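Chain and residue survey
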Amino acid sequence: MNAGTRWKLAVPLISLSLLMTVPAVYGTWVFWSDFGNMYRALSVVICLVLLGQLGLAVSIGVRPTRHVPWFRIGLMAAAFLMACGVAAVRRSV
């Protein structure tokens, strides 16, 4: 897989990751003092998971490979589901 193809795959994934990561980090920073410690901790976990997802998306474009990086794409999907699960738990706190 050449560099152009890797980046054609990575750019939409990076965009989707940024679309989730930026509001999560900004919201955690802005509303930090409005909530309790458990809500804050869960918000930090969500931010870390989404930052990891963003790192995986960037690694798809950066790291050379011969095949489609299905494992990293799967890890991105798992990170998204984990962030959604933690957000659901955070909502009930």
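Everything numeric here is computed off the predicted structure, so don't read it as measured data. Numbering of residues begins from 1 in every chain and follows the order in which that chain's sequence is written. Note on the predicted model: pLDDT of at least 70 is required for a residue's local features to be given, and 80 or more for side-chain atom pairs to be given and counted; whole-chain, interface and lining totals, by contrast, use all residues. Values reported for side chains reflect all heavy atoms of the structure, with hydrogen atoms and water molecules removed beforehand.

1. So, the overall build of the protein
In plain terms, the rule: Under the DSSP-based scheme used, a helix requires at least four consecutive residues in state H or I and a strand at least two consecutive residues in state E, with every element numbered from the N terminus. Burial here depends on accessible area, computed with a 1.4 Å probe over protein chains only, as a share of the maximum for the residue type. Under 20% is buried, over 50% is exposed, and the range in between is partly exposed. Whether two residues are in contact is decided by their heavy atoms, any of which lying within 4.5 Å being enough. Using the Shrake-Rupley algorithm and a 1.4 Å probe, accessible areas are obtained, with residue cover drawn only from the displayed protein chains.
Along the protein, the regular secondary structure elements total 3 helices and 0 strands. Scanning the protein from its N terminus toward the C terminus, one meets helices and strands in the order α-α-α. Sorting the 93 residues of the protein into buried and exposed places 28% on the buried side. In the protein, of all internal contacts separated by at least 6 residues, the share reaching a separation of at least 24 is 74%. Total accessible area on the protein stands at roughly 6000 Å², and carbon and sulfur atoms take up 73% of it.

2. Considerations on the packing of helix α2 (residues 37-62) against helix α3 (residues 70-92)
Applicable threshold: Between N-to-C directions, angles cover 0 to 180 degrees, with each direction set by a line fitted to C-alpha atoms, over the stretch in contact for helices. Here the angle decides the label: under 35 degrees means roughly parallel, over 145 means roughly antiparallel, 65 to 115 means roughly perpendicular, and every other value means oblique. A crossing counts as left-handed when the near helix is turned anticlockwise from the far one by less than a right angle, and as right-handed when that turn is clockwise. Gly counts as polar in this scheme, as do all residues outside two lists: the nonpolar Ala, Val, Leu, Ile, Met, Phe, Trp, Tyr, Cys and Pro, and the charged Asp, Glu, Lys and Arg.
Running from N to C, α2 and α3 point in directions that differ by 165°, and their axes come no closer than 9 Å. Put simply, α2 runs roughly antiparallel to α3. In terms of crossing hand, the pair formed by α2 and α3 is left-handed. Along the contact surface, α2 presents Y39, L42, S43, V45, I46, V49, L50, Q53, L56, A57, S59 and I60, while α3 presents R72, I73, L75, M76, A79, F80, M82, A83, V86, A87, V89 and R90. When its residues are assigned to classes, the contact of α2 with α3 shows 19 nonpolar, 3 polar and 2 charged.

3. Topic: the packing of helix α1 (residues 3-30) against α3
The N-to-C vectors of α1 and α3 enclose an angle of 15°; their axes lie 12 Å apart at closest approach. Comparing the axis directions of α1 and α3 gives the class roughly parallel. In this structure, α1 meets α3 at a crossing whose hand is left-handed. Residues L9, L13, S17 and M20 of α1 pack against I73, M76 and F80 of α3. Class assignment of the residues belonging to the contact of α1 with α3 gives a composition of 6 nonpolar, 1 polar and no charged.

Without other data, these values stay purely geometric and don't point to any function.
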